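Coordinates in review
Below, each chain spelled out in residue letters.
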Amino acid sequence: GVRASAADRSIDIRPSAPDIQAQLGALEASAKQKGAALGFGVGYSVTIDQIILWLSEARNRGIILAPASAITS
């Protein structure tokens, strides 16, 4: 009875701004294709900075962040 889901993508295996932006773009593409996607990242400062930047632009493209529990089954 435990709800679970697996991450579609780790966004900061290589913790650099360009690599994280590329992973966020791929995650966004997956979400648009499937209706939802779950990303995973470590709390590196570069990760947080890039998520904030991406999120400010993603909202204009109709992307929203939701808790992982929103897509678990």
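In this report, the structure presented in the accompanying data block is examined. Since we're looking at a predicted model, the values are computed, not measured. Residue positions within a chain follow its written sequence, with the count starting from 1. With the structure being a predicted model, the display of local features is reserved for residues of pLDDT at least 70 and the display and counting of side-chain atom pairs for 80 or more, all residues being used for whole-chain, interface and lining totals. Hydrogens and waters are ignored; side-chain quantities use all the structure's heavy atoms.

**Some points on the side chain of Gln50**
Our working definition: Secondary structure elements are defined from DSSP: runs of H or I of at least 4 residues count as helices, runs of E of at least 2 residues count as strands, and each element is numbered from the N terminus. Within 3.5 Å is the distance limit for a polar contact, defined as a pair of N or O atoms, with the added protein rule that one can donate a hydrogen and the other accept it, and that residues adjacent in sequence qualify only through two side-chain atoms. Two residues form a contact once any of their heavy atoms are found within 4.5 Å.
The topology assignment puts Gln50 in helix α2 (residues 45–58). Among the polar contacts listed, one links the side chain of Gln50 to the side chain of Gln21, at a separation of 2.8 Å. If near-sequence neighbours (up to four positions away) are discounted, Gln50 is found in contact with Ala17, Ile20, Gln21 and Leu24.

**Observations regarding a nonpolar patch on the surface**
For clarity, the cut-off: A patch consists of residues whose relative accessible area exceeds 30% and which take part in no salt bridge; residues with like charges are grouped when within 9 Å of each other, and nonpolar side chains (Val, Leu, Ile, Met, Phe, Trp, Tyr) when within 5 Å. Under the convention used here, a 1.4 Å probe and the Shrake-Rupley method define accessible areas, while residue burial counts only the protein chains that appear. By definition here, a salt bridge exists when the distance from a side-chain nitrogen of Lys or Arg to a carboxyl oxygen of Asp or Glu is within 4 Å. Whether a residue is buried, partly exposed or exposed follows from its accessible area with a 1.4 Å probe, protein chains only, as a fraction of its type maximum: under 20%, in between, or over 50%, in that order.
Nonpolar side chains collect at one region of the surface, where Phe40, Val42 and Tyr44 lie side by side and expose about 280 Å² of accessible area between them. As for its placement among the helices and strands, Phe40 is situated in strand β2 (residues 39–40). Looking at Phe40, the relative accessible area reads 47%, which means it is partly exposed.

**Things to note about the environment of Pro15**
Structurally, Pro15 is set in the loop between β1 (9–10) and α1 (17–34). When the C-alpha atoms of Pro15 and Thr47 are compared, they prove to be 6.9 Å apart, with 32 residues separating the residues in sequence. Not counting the four nearest positions on each side in its chain, Pro15 is found in contact with Ile20, Tyr44 and Val46.

**A few points about the pattern of salt bridges**
This model, assessed by the stated rule, comprises four salt bridges. Across the pair Asp8 and Lys34 runs a salt bridge whose closest N-O atoms are separated by 2.4 Å. Taken together, the residues span a long stretch of sequence, with Asp8 in the segment before β1 and Lys34 in helix α1 at a distance of 26 residues. Take Asp8: its relative accessible area is 34%, and that puts it in the partly exposed class.

**Digging into the packing of α1 against α2**
Working note: a packed helix pair is described by the angle between its axes plus the distance between those axes. What counts is decided by this rule: Note on method: axes are straight lines fitted to C-alpha atoms, helices fitted across the in-contact stretch only, with angles between N-to-C directions ranging 0 to 180 degrees. These descriptions rest on fixed angle ranges, namely under 35 degrees for roughly parallel, over 145 for roughly antiparallel, 65 to 115 for roughly perpendicular, and the rest for oblique. Note on convention: the crossing is left-handed when the near helix lies turned anticlockwise from the far helix by less than a right angle, right-handed when the turn is clockwise. Here the nonpolar group is Ala, Val, Leu, Ile, Met, Phe, Trp, Tyr, Cys and Pro; Asp, Glu, Lys and Arg are the charged ones; every other residue, Gly included, is treated as polar.
At a minimum axis distance of 10 Å, the contact between α1 and α2 shows a crossing angle of 45 degrees. Considered as vectors, α1 and α2 are oriented oblique to each other. Seen along the crossing, α1 lies across α2 with a hand that is right-handed. Where α1 abuts α2, its residues Ala17, Ile20, Gln21, Leu24 and Glu28 lie against Val46, Thr47, Gln50, Ile51, Leu53, Trp54 and Ala58. Taken together, the residues of the contact of α1 with α2 break down into eight nonpolar, three polar and one charged.

**Observations concerning the nonpolar core**
Short version of the rule: Put simply, a nonpolar core is a bunch of buried Ala, Val, Leu, Ile, Met, Phe, Trp, Tyr and Cys residues held in one set by side-chain atoms that sit within 4.5 Å of each other.
By size, the foremost hydrophobic cluster in this structure holds eight residues: Ile11, Ile20, Leu24, Leu27, Trp54, Leu55, Ala58 and Ile63. Those elements that place two or more of their residues in this core are α1 and α2. Other than its neighbours up to four places away in sequence, Trp54 contacts Gln21, Leu24, Glu28, Arg61, Ile63 and Leu65.

From the geometry alone we can't say anything about function, so treat these as descriptive.
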